[in-house]
Amino acid sequence: MAEGAGHSQRNDRVRRRVGLVYDERMCKHNTPDGDDHPECPDRIRVIWNKLRNSGLIHRCVVLDAKEAEDKYIQSVHSKTHVDLIRNISSKQFDSRRDRIASKYNSIYLNKGSSEAAYLAAGSVIEAAEKVAKGELDSAFAIVRPPGHHAEENEPMGFCMFNNVAVAASYLLNERKMFWKDSRVLFFSVHRHDFGCFYPGTDDGDLSMIGEGPGEGYNINVPWEQGRCGDPDYFAAWDHILIPVAKEFNPDMIIVSAGFDAAVRDPLGGCCISPYGYSVLLRKLMDFAQGKILLSLEGGYHLESLANSALACVQVLLEEKPIDGSSEAYPFESTWRVIENVRQKLSVYWPSLANELPKKLTSQKAPASQLVVEVSSESESEDIEEAIKDIIQPLSALKVDEDQKDASVSWRAEQKLIDIWYASFGSNMWKPRLLCYIQGGQVEGMQKLCSGSMDSSPPKDVMWKCVPHRLFFGHDYTKTWGPAGVAFLHPESSAVEKSYICMYKLTLEQFNDVLFQENCISCNVDAPWITSEALNAVKNTGSFSIAEGGWYRNVVFLGEEQGVPILTMTCDLHDVQDFKSAKLPRCAPGNVYANTLIRGLSEGGQLSEKEALAYIKEAAARPL
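Here's a quick rundown of the structure. Counting restarts for each chain, with residues numbered from 1 along the sequence as it is written. Local features in a predicted model are, by the rule used here, given only for residues with pLDDT of at least 70; side-chain atom pairs are given and counted only at 80 or more, and totals for whole chains, interfaces and linings are based on all residues. Side-chain calculation: all heavy atoms of the structure are included, whereas hydrogens and water are not.

### Some thoughts on unusual backbone geometry
This is how it is decided: What counts as a helix is a DSSP run of H or I of at least four residues, what counts as a strand is a run of E of at least two, and both are numbered from the N terminus.
Cis geometry marks the peptide bond from arginine 144 to proline 145, where omega comes out at 0°. Relative to the assigned elements, proline 145 resides in the loop between β3 (138-141) and α7 (163-172). In this structure, serine 106 takes a positive phi of about 60° despite not being glycine. With respect to the secondary-structure elements, serine 106 resides in the loop between α5 (97-102) and α6 (113-133).

Next comes the structure, spelled out in structure tokens:
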């Protein structure tokens, strides 16, 4: 492999000085009651133990962890936020700590949180400074809590302080983040799922490229799905990061080393192998004279985390050839994302201007198969046990462009089955519904729809009234922003009356609308509503999809012209949560309400005034 070439020459060089920083005090940050949590103290312990047992610690320079000074943290965080994290572990917060944590997104706090957060940020600063000064060639900060989700004004996503941003700002001696800074090139490859993957915002979209002097220096490569592995990440490196890095010519590289893209990780859903991580890092070693700092971020499968970290330290030391290979191809969606990113950023980076050859982008893996490269026989057995039948030999992944995959088979069957999709919310307005079928967005929507695999328009449109209660719930949506959205009570009632616009779609299209309504990519191996489930729902009246989102309950509303009428809404458990205020009830915002009004009025059901009254009455009445 090209990645392994030249190691015999490098072994003749002076041994690289690689720093490691780790401190057991960071393990004091734990859940208040000792409950299981993916971001647990064992995350850094398993890495340290793996490096110690392999003997690598003795070939590295072990640094002392240091707590960061407030003035450096405040270069990227507000004083209010820094004060909170500094004081949260004090006795005065004992009775309020859980309540405060509940205000934030995916955060827990305990008596050890303050010290751990300060040690994490300070350790990354310490390692960054020594690499920048040339005292070390590279370093790995084995720290927690992680930092990449932390916002300027609040903790988020297991993260307290943005450790890497604090260290970079320290090196630049600037009191700001890097959105408008052309001295920092920010590059991120991450699972995005059209904005539906955590944290569920558009910050990771490819359109977010920076502002002012920093425009073009913020590069996002947002995967449309999970299961991306070695070949997908290699392609992103080779066709986006490496060309741009050659133009940018960095003095130093700081890596937010997230291992939650590793195979078997319970949160990331991707499948980079330890070999894959080693190749990705090796490619970066050709820049900045190999002055690289790794700062631990995510990674929640302990064995995969430890193995991947070990592989990276071996690369930093340059004492061992990279073992392994990968002959698999990227997913089709990977090439689509890469080409879109290149097109978006080509005006800023000339190296991205050329169109990738079709001979290259036509080499793609079936979307239904999972590409995994493992580093040992024992690890292979573990992975095969974990994901069973979906692994196939890498050689089998080289398929002709027209070879059918598993998703094609269910789609081919469902193209022949018609249903009526009954919409009661914004989809009553046909242009809005067509976003789910043909892709795109209408005025007022804050995110783009991917569209169905079959973009054919509805075969017919009809209106009806059904004996079900319309109501509005939740107080924010990714698509419409603040305020509630429509739900239909799954149980019928003789005293209720709601308008529905029915679109005659194929069962395949209905599944694709169902996926998108629940923030799931349409590029899946199997439908949620199979032909068997369709027959069952006619008898049971509803079908709940446990893994779905807000609209995870498919309800049968009868038949029209011998074709079943289906809608998607919440389930009865959610209704009870709305009743008890566990889930918020909230009237629709103006933009969302106007979309419903346009659907009702343009569909000839109500005047605009009557439609507004219909919506207000549904929002005001208690459940």
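Now that the structure has been shown, we can carry on.
### Considerations on the sheet that holds strand β14 (residues 498-506)
For clarity, the cut-off: Strands pair, by our definition, only if DSSP identifies at least two bridges between them. Lines fitted to C-alpha atoms define the axes, with helix axes restricted to the stretch in contact, and inter-axis angles between N-to-C directions lie between 0 and 180 degrees.
Strand order in the open sheet formed by 6 strands is β9-β14-β8-β17-β16-β15, with mixed pairing between adjacent strands. Each of the sheet's edge strands pairs with one partner strand only, and the pair in question is β9 (461-466) and β15 (542-544). Going from strand to strand, the sheet's axes swing by 30° on average, the running direction of each strand aside.

### Description of the packing of helix α4 (residues 79-87) against α6
How we decide: Oblique is the label for any angle not under 35 degrees, not over 145, and not in the 65 to 115 range, which are roughly parallel, roughly antiparallel and roughly perpendicular in turn. Note on contacts: a residue pair is in contact if any heavy atoms of the two residues lie within 4.5 Å. The residue classification treats Ala, Val, Leu, Ile, Met, Phe, Trp, Tyr, Cys and Pro as nonpolar and Asp, Glu, Lys and Arg as charged. All others, Gly included, are polar.
Running from N to C, α4 and α6 cross one another at 125°; their axes reach a closest spacing of 7 Å. Considered as vectors, α4 and α6 are oriented oblique to each other. On α6, the residues touching Val82, Ile85, Arg86 and Asn87 of α4 are Ser114, Ala117 and Tyr118. Grouping the amino acids of the contact of α4 with α6 by side-chain chemistry returns 4 nonpolar, 2 polar and 1 charged.

### Comments concerning the nonpolar core
To keep it simple, the criterion reads: Within this scheme, the nonpolar core is defined by two criteria: the residues are buried Ala, Val, Leu, Ile, Met, Phe, Trp, Tyr or Cys, and they are joined through side-chain atoms within 4.5 Å. The buried label goes to any residue with under 20% of its type's maximum accessible area, the exposed label to any with over 50%, and the partly exposed label to all in between, with areas taken from a 1.4 Å probe on protein chains only.
Ranked by internal contacts, the top residues of the largest apolar core, which has 109 residues, are Leu51, Phe140, Ile142, Trp223, Tyr233, Trp237 and Leu294. With 66 residues, the next largest nonpolar core counts Val485, Leu514, Phe515 and Val555 among its residues.

### Brief notes about the sheet that holds strand β7 (residues 292-296)
Strand order in the open sheet made by the 5 strands is β2-β1-β3-β7-β6, with parallel pairing throughout. Both edges of this open sheet fall to β2 (61-63) and β6 (253-257), since each of them pairs with a single strand only. This sheet shows a mean twist of 20° between the axes of neighbouring strands, independent of strand direction. Relative to β7, β6 is paired through 5 bridges, and the arrangement is parallel. Its bridge partner being in β7, serine 256 is matched across the sheet by serine 295. Contacting β1 (18-21), β2, β3 and β7, α6 runs over the sheet at an angle of about 170° to β7.

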